[in-house]
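Geometric and topological summary
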Amino acid sequence: HSALTQPASVSGSPGQSITISCSGSSSDIGGYNYVSWYQQHPGRAPKLVIFDSSNRPSGVSDRFSGSKSGNTASLTISGLQAEDEADYYCNSYTSSSALVFGGGTKLTVL
Amino acid sequence: QLQLVESGGTVVQPGRPLRLSCEASGFPFSSYGMHWVRQAPGKGLEWVAVIWYDGSSKYYADSVRGRFTISRDNSKNTLYLQMNSVRVEDTAVYYCARVGVRNHWYLDIWGRGTLVSVSS
């Protein structure tokens, strides 16, 4: 199963909003509501920030939000803060009863 | 405190076997499915395998199917990944992660990872 497609990098200034896209197919993102997003700081383990396309785990800032339309999912971070600078990965369930990750997006806070 | 601790990572020669372990604490391990995810140096995340809470179902990535086996011992609160016929491209940090409360397809608790280096 091919990896999901994310932009390699995005950037924004403190206080701004950014959106990271994640493109897949009808065999993964488009076929199920099982998209999740993970934040990873250098040298650290990934951390769940969105699950089931648009749900936020307890303890995750409400500045993080997720959505899905067709075969594309999106993660939006509003009110950017320096601590948001990290790598972000999308993930989806697939028709093969497996999971597939996106290639990752490096977020730079200018 | 919810915690997952991986162990067993080391330098191993191509073709040799290796077993990774993941010890869970702070939650009812026997009630949750578990995943393995890996990350090659400087690369992105790659899903490896998942096992149901009771071991009744297991699914694998194409890249490891037939070489790796996921298993668990609920009496020991421990998850395993048996890696056979390892290849240079299996070099990575291996994370274990717990499935979410609502379904098996998101990972809500992660360990810190254990490094496997495949080299002759």
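Let us look at the structure shown here. (Residues numbered from 1 in each chain as written. Chains lettered and ligands numbered in written order. Predicted model: local features only at pLDDT ≥ 70, side-chain atom pairs only at ≥ 80, totals over all residues. Heavy atoms only, no water.)

All names here are of chain B. Spatial ordering of the open sheet is given by S1-S3-S8-S7, a layout of 4 strands whose pairing is antiparallel. On the outer flanks of this sheet lie strand S1 (3–7) and strand S7 (68–73), each paired with one strand and no other. Adjacent strand axes in the sheet meet at a mean angle of 15° when their direction is disregarded. Here S7 pairs with strand S8 (residues 78–83) via 6 bridges, running antiparallel. Residue pairing across strands places Ser-71 opposite Tyr-80, the latter belonging to S8. (Pairing = 2+ DSSP bridges. Helix = DSSP H or I, 4+ residues; strand = E, 2+ residues; numbered from the N terminus. Axes fitted to C-alpha atoms, helices over the stretch in contact; angles between N-to-C directions.)

Glancing now at the sheet that holds strand S5 (residues 64–69) of chain A. Residues and elements named next belong to chain A. The antiparallel open sheet is built from 3 strands, whose spatial order is S2-S6-S5. The open sheet is flanked by strand S2 (18–23) and S5, the only strands paired with a single partner. Adjacent strand axes in the sheet meet at a mean angle of 20°, parallel and antiparallel pairs treated alike. Here 6 bridges tie S2 to strand S6 (residues 72–77), and the two strands are oriented antiparallel to one another. When the bridges of S6 are listed, Cys-22 appears paired with Ala-73.

Listed by partner, the interface residues are 20 residues for chain A and 20 residues for chain B. Across the chain A/chain B interface, buried area totals approximately 1,700 Å², and carbon plus sulfur atoms make up 65% of it. Broken down residue by residue, the surface that chain A buries against chain B is led by Pro-46, Leu-99 and Phe-101 of chain A, which jointly contribute 32%. Mapped onto the side of chain A that touches chain B, the elements with two or more residues apiece are strand S3 (35–40), strand S7 (86–93) and strand S8 (99–101) of chain A. (Contact = heavy atoms within 4.5 Å. Buried area = accessible area lost by both parts, 1.4 Å probe.)

Attention now goes to the layout of surface pockets. Reported here for the largest pocket is a volume of approximately 670 Å³. Lining the largest pocket are 24 residues, with Arg-44, Ala-45 and Pro-46 of chain A together with Trp-110 and Arg-112 of chain B sitting closest to its centre. Secondary-structure elements contributing two or more residues to the lining of the largest pocket are strand S4 (47–50) of chain A together with S1 and strand S10 (107–110) of chain B. Ranked by the residues each element gives to the lining of the largest pocket, the list is headed by S1 of chain B, at 4 residues. A breakdown of the residues in the lining of the largest pocket according to their chemical character gives 10 nonpolar, 9 polar and 5 charged. When its volume is computed, the second largest pocket comes out at roughly 300 Å³. Broken down by secondary-structure element, the contributors of at least two residues to the lining of the second largest pocket are S8 of chain A together with strand S5 (45–51) of chain B. Its residues placed into classes, the lining of the second largest pocket shows 9 nonpolar, 8 polar and 3 charged. (1 Å grid on protein atoms, 1.4 Å probe; cavity = no way out; pocket = protein on both sides within 12 Å on 5 of 7 lines; lining within 4 Å. Points joined across faces, edges and corners; volume = space filled by probe spheres on them. Nonpolar A, V, L, I, M, F, W, Y, C, P; charged D, E, K, R; others polar.)

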